[in-house]
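One-letter residues, chain by chain:
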Amino acid sequence: MGGEVPAHPALRPFPRQTLFRFFITRFGMVVPTFFGVTVVAFFLIRLIPGDPIELLVGERGIAPERHAYLLKEFGYDRPLWQQYLGFVHNLLNGDFGTSIVSREPVLSEFLTLFPATIELSFMALFFALAIGLPVGILAAVRRGTVFDHTVMGISLTGYSMPIFWWGLLLIILFSGTLGWTPVSGRISVLYYIEPTTGFMLIDSLLIDEPGAFKSALRHLILPTIVLGTIPLAVIARQTRSAMLEVLGEDYIRTAHAKGLAPMRIIGIHALRNALIPVITTIGLQTGVLLAGAILTETIFAWPGVGNWLINSIYRRDYPSVQGGILLVACIVITVNLLVDLAYGLINPRIRHAGKS
Amino acid sequence: MAKQPSLACRHIERKLRERPRVRIRYFLLAILFWAAFTGGAAAQVKTLVFCSEESPDTLNPQLSFRQATFDATSRQVYDRLVAYEPGKAEIVPALATSWHVSEDGLRYEFRLRPHVPFHKARHFTPSRPLAAEDVVFSFMRQLDPRHPYHQVSGGTYPYFQGLGLPKIIKSVTAGDNGTVIFELDSPYPAFLSILVLDFASILSAEYADAMLAAGTPERVDMEPVGTGPFQMVQHQRDALIRYVAHPDYWRGKTPLDNLVFTITPDATIRFQKLRDRECHVVANPDPADIPAMTLDGDVKLARQVGMDVGYLAFNTTKPPLNDPRVRRALAMAIDREAILEKIYQGIGRPATTMAPAGLWSRGKPPPPPAADPEGAKRLLAKAGVTKLEIDIWPSPVGKTYLPDARRTAEMIHEDWLKIGVDSRIIVTTGRDFIKQTMVGQHDAALFGWIAETLDRALFLAPILGCEAAKSGANRSYWCNGKFDRLLDEAARAKNPSERETLYALAQAVLDEEVPILPIAHSINFTPMRNEVVNYRTSPLGGHYFYGVDLK
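Remember, predicted model here, so these are calculated numbers, not experimental data.

1. Here we look at the overall build of chain A
Check the secondary structure of chain A and you find 14 helices and zero strands. The linear arrangement of helices and strands in chain A, starting from the amino end, is α-α-α-α-α-α-α-α-α-α-α-α-α-α. When each of the 356 residues of chain A is scored for burial, the buried share is 47%. Total accessible area computed for chain A in this model is approximately 18,000 Å², and 68% of it derives from carbon and sulfur atoms.

2. Some words on the pairing of strand 4 (residues 96-101) of chain B
Residue and element names in this part refer to chain B. Two strands pair when backbone bridges link them, and strand 4 and strand 5 (residues 107-112) are joined in this way by five bridges, in the antiparallel orientation. Among the inter-strand pairings, His 100 is bridged to a residue of strand 5, identified as Glu 109. Connecting strand 4 to the antiparallel partner strand 5 that follows it, the hairpin turn spans five residues, and Gly 105 within it adopts a positive phi of roughly 75 degrees.

3. Quick look at the interface of chain A and chain B
On the side of chain B, 50 residues touch chain A, which itself brings 47 residues to the contact. Summed over both sides, the interface of chain A with chain B buries roughly 4,000 Å², with 49% coming from carbon and sulfur. Among the ionic pairs, Glu109(A) bridges to Arg237(B), the shortest N-O distance being 2.3 Å. Our count for the contact surface shared by chain A and chain B stands at twelve residue pairs in polar contact (both at pLDDT 80 or more). Every element with two or more residues in the side of chain A that touches chain B is listed here: helix 2 (52-57), helix 3 (64-74), helix 5 (106-141), helix 7 (163-177), helix 11 (262-299) and helix 12 (305-314) of chain A. Broken down by element, the residue count for the side of chain A that touches chain B peaks at six residues, all from helix 7 of chain A.

4. Observations concerning the nonpolar core
Grouped together as the largest cluster of nonpolar side chains are 107 residues, with contacts concentrated most on Leu48(B), Leu81(B), Phe139(B), Phe182(B), Phe199(B) and Phe545(B). Apart from the residues within four sequence positions on either side, Phe545(B) is in contact with Leu48(B), Phe50(B), Gln76(B), Phe230(B), Thr254(B), Leu256(B), Leu259(B), Phe261(B), Val281(B) and Tyr535(B).

5. Describing the state of the cysteines
Residue and element names in this part refer to chain B. The final tally for this structure, using the stated rule, is two disulfides over all chains. What pairs with Cys 51 in a disulfide is Cys 279, and their sulfur atoms sit 1.7 Å apart. Separated by 228 residues along the polypeptide, Cys 51 in strand 1 (residues 47-52) and Cys 279 in the loop between helix 8 (267-275) and strand 11 (281-282) bring together distant segments of the chain. In this model, Cys 466 is linked to Cys 479 through a disulfide, with the two sulfur atoms separated by 2.0 Å. The sign of the 100 degrees torsion about the S-S bond sets the Cys 466-Cys 479 disulfide as right-handed.

6. Some remarks on the sheet that holds strand 6 (residues 169-174) of chain B
Residues and elements named next belong to chain B. Spatially, four strands are ordered 4-5-7-6 in an open sheet, and the strand pairing comes out antiparallel. Among the strands making up the open sheet, the edge pair consists of strand 4 and strand 6. Strand-to-strand twist across the sheet, computed as the mean angle between neighbouring axes with direction ignored, equals 15 degrees. Pairing of strand 5 with strand 7 (residues 179-184), which is carried by five bridges, proceeds in the antiparallel orientation. When the sheet's bridge partners are listed, Phe 110 is paired in strand 7 with Val 180.

7. As for a nonpolar patch on the surface
Residue and element names in this part refer to chain A. Taken together, the side chains of Val 31, Phe 35 and Leu 92 define a hydrophobic patch exposed on the protein surface, amounting to about 280 Å² of accessible area. Among the structural elements, Leu 92 can be located in helix 4 (residues 80-92). For Leu 92, a relative accessible area of 61% corresponds to the exposed category.

8. Regarding the packing of aromatic side chains
As enumerated under the stated definition, the model contains 32 aromatic pairs over all chains in all. Each member of the aromatic cluster is reached from another via a ring pair, and the members are Phe50(B), Phe230(B), Tyr243(B), Phe261(B), Tyr535(B) and Phe545(B). When the ring centre of Phe42(A) is taken as reference, the NZ or CZ atom of Arg46(A) above it lies at 3.8 Å. Arg142(A) extends its terminal NZ or CZ atom over the ring of Phe147(A), reaching a point 5.9 Å from the ring centre.

9. Describing the domain arrangement of chain B
Residue and element names in this part refer to chain B. Examined at the domain level, chain B breaks down into domain 1 (3-57 + 225-303 + 528-550), domain 2 (78-222) and domain 3 (308-524). With 19 residues of domain 1 at the interface, the matching set in domain 2 holds 19 residues. For the pairing of domain 1 and domain 2, the buried interface totals around 1,900 Å² over both sides, and the portion due to carbon and sulfur atoms is 57%. When the area that domain 1 buries against domain 2 is broken down by residue, the three leading residues are Val 225, Thr 227 and Trp 250, summing to 39%. Across the domain 1-domain 2 interface, the total number found is zero salt bridges. At the junction of domain 1 with domain 2, the criterion picks out seven residue pairs in polar contact (both at pLDDT 80 or more). Among the elements that line the side of domain 1 that touches domain 2, the one with the most residues is strand 8 (residues 230-236), at three residues.

10. Remarks on the pattern of salt bridges
When the charged atoms of two side chains with opposite charge come close together, those side chains can pair. Residues and elements named next belong to chain B. Counted according to the given criterion, the structure contains 29 salt bridges over all chains. For Arg 66, the salt bridge goes to Asp 57, with nearest N and O atoms at 3.2 Å. Each member of the pair, Arg 66 as well as Asp 57, carries the same accessibility label: buried. With a shortest N-O distance of 2.9 Å, Asp 221 and Arg 141 are connected by a salt bridge. Of the two residues, Asp 221 is situated in the loop between helix 7 (205-213) and strand 8 and Arg 141 in helix 4 (residues 132-143); the sequence distance between them amounts to 80 residues. Comparing Asp 221 with Arg 141 shows no difference in burial state: the two are buried.

11. Re the packing of helix 11 (residues 336-344) of chain B against helix 13 (residues 405-417) of chain B
Residue and element names in this part refer to chain B. Direction vectors running N to C along helix 11 and helix 13 enclose 150 degrees, while the axes themselves pass 10 Å from each other. On the basis of the axis angle, helix 11 is roughly antiparallel to helix 13. Note on packing geometry: the crossing formed by helix 11 with helix 13 is right-handed. Contacts between helix 11 and helix 13 involve Ala 338, Ile 339, Lys 342 and Ile 343 on the former and, on the latter, Arg 407, Thr 408, Met 411 and Ile 412. Its residues placed into classes, the contact of helix 11 with helix 13 shows five nonpolar, one polar and two charged.

12. Remarks on helix 4 of chain A
One full turn of an α-helix is made of 3.6 residues, so residues set three or four places apart face in the same direction. Residues and elements named next belong to chain A. Spanning 13 residues, helix 4 covers 18 Å between terminal C-alpha atoms, matching the ideal 18 Å at 1.5 Å per step. Turning to helix 4, its buried residues are Gln 83, Tyr 84, Gly 86, Phe 87, Val 88 and Leu 91. Looking one or two residues past helix 4, Gly 94 carries a phi angle of roughly 80 degrees, positive in sign.

13. Some points on the side chain of Gln234(B)
Mapped onto the fold, Gln234(B) is located in strand 8. In this structure Gln234(B) comes out as buried when scored by relative accessible area, which is 4%. For Gln234(B), the side chain forms a polar contact with the main-chain oxygen of Ile193(A), separated by 2.8 Å. Beyond its immediate sequence surroundings of up to four residues, Gln234(B) is in contact with Tyr192(A), Ile193(A), Glu194(A), Leu240(B), Ile241(B) and Arg242(B).

14. Points about the side chain of Ser102(B)
You can see Ser102(B) is positioned in the loop between strand 4 and strand 5. From its side chain, Ser102(B) meets the backbone nitrogen of Leu106(B) in a polar contact 3.3 Å long.

15. Some thoughts on the confidence of the model for chain A
Residue and element names in this part refer to chain A. Confidence in the prediction for chain A averages 83 pLDDT; 89% of positions are at 70 or higher. Scored below 50 in pLDDT, residues 1-5 shows zero contacts in the model against residues more than four places distant or in partner chains. Low pLDDT, under 50, characterises residues 7-11; the predicted model gives this stretch one contact beyond four residues in sequence or across chains.

Basis of the calculations
Residues numbered from 1 in each chain as written. Chains lettered and ligands numbered in written order. Predicted model: local features only at pLDDT ≥ 70, side-chain atom pairs only at ≥ 80, totals over all residues. Heavy atoms only, no water. Helix = DSSP H or I, 4+ residues; strand = E, 2+ residues; numbered from the N terminus. Buried < 20%, exposed > 50% of the residue type's maximum accessible area, 1.4 Å probe, protein only. Areas by Shrake-Rupley, 256 points an atom, 1.4 Å probe, with all protein chains shown as cover. Pairing = 2+ DSSP bridges. Contact = heavy atoms within 4.5 Å. Buried area = accessible area lost by both parts, 1.4 Å probe. Salt bridge = Lys/Arg side-chain N within 4 Å of Asp/Glu carboxyl O. Polar contact = N/O pair within 3.5 Å; in protein donor to acceptor, adjacent residues only side chain to side chain. Core = buried A, V, L, I, M, F, W, Y, C linked by side-chain atoms within 4.5 Å. Disulfide = S-S within 2.5 Å. Axes fitted to C-alpha atoms, helices over the stretch in contact; angles between N-to-C directions. Patch = residues over 30% accessible without salt bridge, like charges linked within 9 Å, V, L, I, M, F, W, Y side chains within 5 Å. Phe/Tyr/Trp six-rings, centres within 6.5 Å; stacked < 30°, edge-to-face > 60°. Lys NZ or Arg CZ within 6 Å of the ring centre and 35° of its normal. Domains from an automatic or database assignment. Parallel < 35°, antiparallel > 145°, perpendicular 65-115°, else oblique. Left-handed = near helix turned anticlockwise from the far one by under 90°. Nonpolar A, V, L, I, M, F, W, Y, C, P; charged D, E, K, R; others polar. Expected span 1.5 Å × (residues − 1). pLDDT = per-residue confidence, 0-100.

See the structure below:
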């Protein structure tokens, strides 16, 4: 019995090599994902019927020689694989292309519109967390009660709600019938605001116009609810199930036996561990938020990246679509990578899973 | 939606900061506004909000073909040499006060209006009023591939090139004493009508030179400077466009002080914004919302019959459709009233002639004849046709003048079955439809056509003329020398009543031959709040806010 008992992996100190290998593995997965996205972004838009040159010149049509000239100018006369290689080559040089409609660099257009999307997504995430977390915890604590069943029923409905329909419904009720919220836009047109940061809540504070901030905030209410509904439902359900798992652990029973206050047990001991899977869920919701932003921005005439992408698809603006999709994908990949890394840091079992 | 006084003053102060050279003018304006507001008078800054459906793709109308772009640019910011008299087909002076056409029709000389000021922009203050150089620049940029501005912003001029003007206009030069001379390669009777179009807007050559010298020529297409009733002061892509009234507009300052376009792509949302007082006027309503709009006490609807037509073209090269009696019989069997009721649902008007009536004819058009299947059967028998099967190609893209061609084809199929004629409906993609019908694959095709100018010859010739039959644009492939001659004579006629007679004769040829059957003209609706006054619809569509007021 004199042998040394191996320590639980979670109690071992971090071996530097393991942490390094973990980061390298995660980064290594990003590279093929990135190239996969370039293939999808490049070829998908080309599968949609419609000639970008014909759409550019409109119903009047275009002389064949002019059509050929423009095809050559944009490089669309080359074989697809050559176009793709050119696209990747430019990407690696930091060039996301130039819109064939506005003739502006895609990156510059994206960066101009991105703050509007970030602002909306951030508010939607905040809304989802502010409601989803406490509701999920309460549902777990009151498991099997009417509250639990009601919350889970509502969250399932929220998760299944088509964004377009949900948005229109809220507009008709809150804007049309009750007149409580504005229908669409980012701020009342009465406020003359030149974008400084691109974030309307901040820009409206920077100008000396009483009521501008309030107007910007009121314009955010409905889009935030619409975009935040699905993440809210997911977070609430994930929090509930994670909490239920943790609440059944021995150490929680021990804490109860020791006579700790229930609020302390739930808030400190249970929640800390239950939040680990929830953080991953939040990371995954970035993709959901950006995808949802496309529909939400279209409904609410929100001048963000989603609205711009939809318009670019309608106009077969290949560079904008492929550059825009790639930039959005890069953001989702980066956020997921950061979440992975953060998750690895806070939960050592993940790092060791690969090794074992 | 009127602004608060303090807000208006701050807005003007901001403008003052942006444009130091015009401080005195704005300072005086600010004092006037301030005096009006603090005096407790009813005068307020008038801001009209227009909910448009899409963002302009460019801010230079020469580079686009989209109505949304024209609404945002040429119809508010720019003027053209000539214009239509509001609500009429008569061409009246605009930036040109008069013009002279040479006997051979190859030389047009325009005398320019003096003292017409251009707008000021953030990076440009004009030093002179409108001059011949501006007109020369505006056209030569589009015409001359070697012009320094030709390739700026892409070098594609859809309208100018689409109308074939590079082969029609030989030169545009400045004449003496404020005149501009257009030399043509061949006579073009509808040339004046062409100059009314949006692409013919007059830009500032001085601004273009300044931007070229500064190394930013593309700014001309992003920050427009025109002579129009409104000057653009802010453009947030896919969000809004803000204009202020041009105080020195040559026709007099417009009653509105500010105009705002908010880009709202969804038609249902546009209607909600109208009800919620977030918009005064909205573009392109959803036909499904029209009944609700009619019932809303705060909303009124402006109606205008569109200068367009939805029609069925018979391929007159394919027997037995080359026999006018067969075409007439097939036309007689179609219940157009039912199509209007089921397909157009209140957004169409029956078409009895190809060219929409109203502006183009003095009399009221007769109602379309009711369907006559028995008469059709008799006529078919007379033509010796016993068994007939027809391929109908419906246009795959829905338009206001033909909202659902496929369902229309289904109704026609039912009508023809009643007279013993069978038909197949051929459904294709948009591109295939255009290509296949242009080479005459169809027996009959459901199509539509929209006027670009109020010139009748320009409306009819591209879909019914012999030249169009050769190119395939005339889907009936019908070529009638008498009809072409009558159109040509009418286009050249100087006397309106003589022109009217010639067009009536041309229509009679059409009625006799029935190469195509007109079905309906669209009705365009513009919903607006009751407080909007003096809004006038344009027969060619589009939204013009000069002269519009808020009560």
